[in-house]
Amino acid sequence: MAVKAGKPARFDFQPAQLRVNADKWRIEFWTQEPATGEWERHRPTFNLNRIVSERERKQQAQRIIRRLNDVWLPGGYPYKSPEQIEHKARTVGEAFGAILKIKLATDKEETRRCYKSIGGVFERWMVANKFDGLDAKAFGPRHSLAYADYLLIERGLGAKHFNNSVNTLAGMFNVLIKREEIDRNPWHAVDRKKTTQKRRRMFTPVERRAVAKWALENDWWLFVAILFEYYGFIRWQEMRRLRFGDVQIGGETAFVRLDADKTKNGKARTVTIPDSVRPYYMDARFSEQPGNHFIFGKGWQPGTEQAAKNALNNRHLRGIAAAVESGAIQNSDGLSMYSWKDTGITVALDVAELMDVVSQADHADPRQTMTYRHAPKIIEGFKRRKNDLF
């Protein structure tokens, strides 16, 4: 509430100050009504007293005072009421923090982990360099380029992770543009790094038979995971959310139904199960499980709790190690669980129509599907091509 109090001692500028009383914390500052020349004293709480931590309350008070004084010094108080400061003069730290909270408000575990990691590193860097108190519009290319240097030099990020961090931050700042809190995106000034060819490779026919055979004989649920990845191109994070009721093995066609809350892109998806592998799903170990149980559960057994995030990778490494020991795999470099998706798509493109493979992989564009294809070094069709010059 504004209280008329005549002219303050310093009529040209009266800085905002924190007033701590026994019952409430307030911030006191003065404004002048242009039409009458009268001065008014303001003592709003800015919701400071709702902050339990005294340290955090003091930090918030200092940020508000800094904003008030920054606005006042250039030559006037442009707002109709002090409350408008909360919306029109947020610091970059506050504005970014608000967007981060929105991004974290999702049930997608992988999405939350990405934003929490990238956003957290950026927030800590801003605080350490005292940039979090800048007006949101004042955070520009100079600051984004400094952060890019920090990622590359001090954190040692490779091209892929560097580009992912910058692109994620650019997307979050685009939200601030839409909300009219900033005018330009400072991350557009940061050049993305050229990525090298992915190290992951596909399985050879001998290698995939060896690992699949070992899994079938020694680790049934690893074998099921390989079926999902090789034939259905289903990601592990999607597999972790699958329940037995999501797999339909009766009727003319067997399929896996992934609801929107189970997929990476948030869209429902149906994955066709080839008739040739349907018998594995009809095995009693699979078909007689309760429909509401997770296929991959805690302790690597079906159950009411999901398997650990690293469970599949650990089990798959055992299969790779067994194949290496048997001599079926001479060099395991580049082989991972995700190699089954690359292998499955590459093989499928040789036996099925391109658009069928695109649909099975749930890709929006064939070009996305083709990124998983590993072209042979020697193209047999060209090797056998006849000399037709003459």
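Quick note: structure is the one above.
Residues numbered from 1 in each chain as written. Predicted model: local features only at pLDDT ≥ 70, side-chain atom pairs only at ≥ 80, totals over all residues. Heavy atoms only, no water.

## Description of the environment of Phe-46
- Its place among the elements puts Phe-46 in the loop between β4 (39-42) and α1 (54-72).
- In sequence terms Phe-46 and Ile-27 are 19 residues apart; their C-alpha atoms lie 7.7 Å from each other. (Helix = DSSP H or I, 4+ residues; strand = E, 2+ residues; numbered from the N terminus.)

## Observations regarding the side chain of Ser-339
- Relative to the helices and strands, Ser-339 resides in helix α13 (residues 339-351).
- Classification of Ser-339 as buried rests on a relative accessible area of 0%.
- Within the structure, Ser-339 has its side chain in polar contact with the backbone oxygen of Gly-334 (distance 3.3 Å).
- Those residues within four positions of Ser-339 in sequence are excluded, and the remaining contacts are Arg-200, Arg-201, Met-202, Phe-203 and Gly-334. (Buried < 20%, exposed > 50% of the residue type's maximum accessible area, 1.4 Å probe, protein only. Polar contact = N/O pair within 3.5 Å; in protein donor to acceptor, adjacent residues only side chain to side chain. Contact = heavy atoms within 4.5 Å.)

## What to know about the packing of helix α5 (residues 141-154) against helix α6 (residues 159-178)
- Interhelical geometry of α5 versus α6 gives an angle of 155° and a closest axis separation of 10 Å. Here α6 runs roughly antiparallel to α5, going by the angle between their axes. In this structure, the crossing between α5 and α6 has a hand that is right-handed. Judged by residue contacts, Tyr-147, Ala-148, Leu-151 and Leu-152 of α5 engage Phe-162, Ser-165 and Leu-169 from α6.
- Grouping the amino acids of the contact of α5 with α6 by side-chain chemistry returns 6 nonpolar, 1 polar and no charged. (Axes fitted to C-alpha atoms, helices over the stretch in contact; angles between N-to-C directions. Parallel < 35°, antiparallel > 145°, perpendicular 65-115°, else oblique. Left-handed = near helix turned anticlockwise from the far one by under 90°. Nonpolar A, V, L, I, M, F, W, Y, C, P; charged D, E, K, R; others polar.)

## Some thoughts on empty space enclosed by the protein
- The full count for this structure, using the stated rule, is 3 cavities of 30 Å³ or more.
- When residues of the lining of the largest cavity are traced back to their parent elements, those giving at least two are α8 (220-232) and β7 (269-273).
- Residue contributions to the lining of the largest cavity peak at 4 residues, all from α8.
- When its residues are assigned to classes, the lining of the largest cavity shows 9 nonpolar, 2 polar and no charged. (1 Å grid on protein atoms, 1.4 Å probe; cavity = no way out; pocket = protein on both sides within 12 Å on 5 of 7 lines; lining within 4 Å. Points joined across faces, edges and corners; volume = space filled by probe spheres on them.)

## Side note on the packing of helix α4 (residues 109-128) against α5
- One can describe the packing of α4 onto α5 by two numbers: an axis separation of 11 Å at closest approach and a directional angle of 110°. One finds that α4 runs roughly perpendicular with respect to α5. In this structure, α4 meets α5 at a crossing whose hand is right-handed. Here Ile-118, Val-121, Phe-122 and Trp-125 of α4 lie close against α5, whose contacting residues are His-143, Ala-146, Tyr-147 and Tyr-150.
- Among the residues forming the contact of α4 with α5, the class breakdown is 7 nonpolar, 1 polar and no charged.

## Observations regarding the sheet that holds β7
- Spatially, 3 strands are ordered β5-β6-β7 in an open sheet, and the strand pairing comes out antiparallel. Whereas interior strands pair on both sides, the edge strands pair on one side only; in this sheet they are β5 (247-248) and β7. (Pairing = 2+ DSSP bridges.)

## Some remarks on the pattern of salt bridges
- All told, the structure shown has 18 salt bridges when counted by the stated rule.
- Put simply, Arg-90 and Glu-181 hold a salt bridge, and the shortest N to O gap is 2.5 Å. One end of the pair, Arg-90, is in the loop between α2 (85-88) and α3 (92-104); the other, Glu-181, is in the loop between α6 and α7 (205-218), and 91 residues separate them in sequence. This pair shows no difference in class: Arg-90 is buried, exactly as Glu-181 is.
- Among the charged side chains, a network of salt bridges with common partners joins Arg-19, Glu-28, Arg-41 and Arg-43. (Salt bridge = Lys/Arg side-chain N within 4 Å of Asp/Glu carboxyl O.)

## What about the nonpolar core?
- Counting residues in hydrophobic clusters, the biggest one holds 42 residues, and the most contacted among them are Phe-228, Ile-295 and Phe-296.
- Those elements that place two or more of their residues in this core are α7, α8, α9 (236-239), β6 (254-258), β7 and α12 (311-326).
- Here the element with the most residues in this core is α8; it accounts for 10 residues.
- Apart from the residues within four sequence positions on either side, Ile-295 is in contact with Trp-221, Val-224, Phe-228, Leu-242, Arg-243, Phe-244, Val-247, Phe-286 and Pro-302.
- Core analysis: the second largest hydrophobic core is formed by 28 residues, Val-92, Phe-122, Tyr-150 and Leu-176 among them. (Core = buried A, V, L, I, M, F, W, Y, C linked by side-chain atoms within 4.5 Å.)

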